[in-house]
Amino acid sequence: AVVSTQSTGSFNTLQHYYILNLTEAMELENTFAAFSKFGDTKSTGKELDNKKFSKLCKETGITGKLVTSTDIDICFSKYKPKGGRTIMMKEFEECLDELSKKRFPKKESHDDQKAAIRNLVAGKTPGTKGNNEKYQKRVALID
């Protein structure tokens, strides 16, 4: 995050800004760890593979009309280490920065784009969306 060059002259405003960014950063790390650990009991929460990165992007609303699953895959491949299969938190943030340009093209500055995409992601956890419809129909037939 970048501090505005315009000074308000208020130390409390600047202090508040850094506290908000610290909270946002912690929420982003928690989201990263939650999706990293999803479905893997042995995961440390420090690495994210392409499948889980795609899931994160779909469930947080990054993927849509402007950002396709192909864009997600290309971005992941661009930032993962050569020969590697996972990204760490640093590469994750770089991916978000790149995707923010596509996801929020109407935002005035790149800082606004980055803030908007972080707001989509921060504090989210993976969900499981099972289709319970067939089960419900069978139960209704038995009753």
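Report on the accompanying structure. (Residues numbered from 1 in each chain as written. Predicted model: local features only at pLDDT ≥ 70, side-chain atom pairs only at ≥ 80, totals over all residues. Heavy atoms only, no water.)

Describing the overall build of the protein
The number of helices and strands found in the protein is six helices and two strands. Reading the secondary structure of the protein in the N-to-C direction produces α-β-α-α-β-α-α-α. A buried classification covers 28% of the 143 residues belonging to the protein. Pairs at least 24 residues apart make up 53% of the contacts formed inside the protein by residues separated by at least 6 positions. Only carbon and sulfur atoms are counted for the fraction: they give 53% of the accessible area of the protein, which is about 10100 Å². (Helix = DSSP H or I, 4+ residues; strand = E, 2+ residues; numbered from the N terminus. Buried < 20%, exposed > 50% of the residue type's maximum accessible area, 1.4 Å probe, protein only. Contact = heavy atoms within 4.5 Å. Areas by Shrake-Rupley, 256 points an atom, 1.4 Å probe, with all protein chains shown as cover.)

A few points about the state of the cysteines
In protein structure, a disulfide is the covalent linkage between the sulfur atoms of two cysteines. On inspection of all chains with the given rule, the structure shows zero disulfides. Free of any disulfide, Cys 57 has its nearest neighbouring cysteine sulfur in Cys 75, separated by 7.9 Å. The cysteine Cys 95 is free of any disulfide, with Cys 75 supplying the nearest cysteine sulfur at 3.6 Å. Residue classification places Cys 95 among the buried residues on the basis of a relative accessible area of 0%. (Disulfide = S-S within 2.5 Å.)

Concerning the environment of Thr 23
Among the secondary structure elements, Thr 23 is positioned in helix α1 (residues 11-37). When the C-alpha positions of Thr 23 and Gly 123 are compared, they lie 9.8 Å apart, and in sequence the two are 100 residues distant.

Overview of the side chain of Arg 118
Structurally, Arg 118 can be placed in helix α5 (residues 110-121). Note on Arg 118: relative accessible area 11%, which makes it buried. Leave out the neighbours within four places in its chain, and Arg 118 touches Glu 24, Leu 28, Glu 93, Leu 96 and Asp 97.

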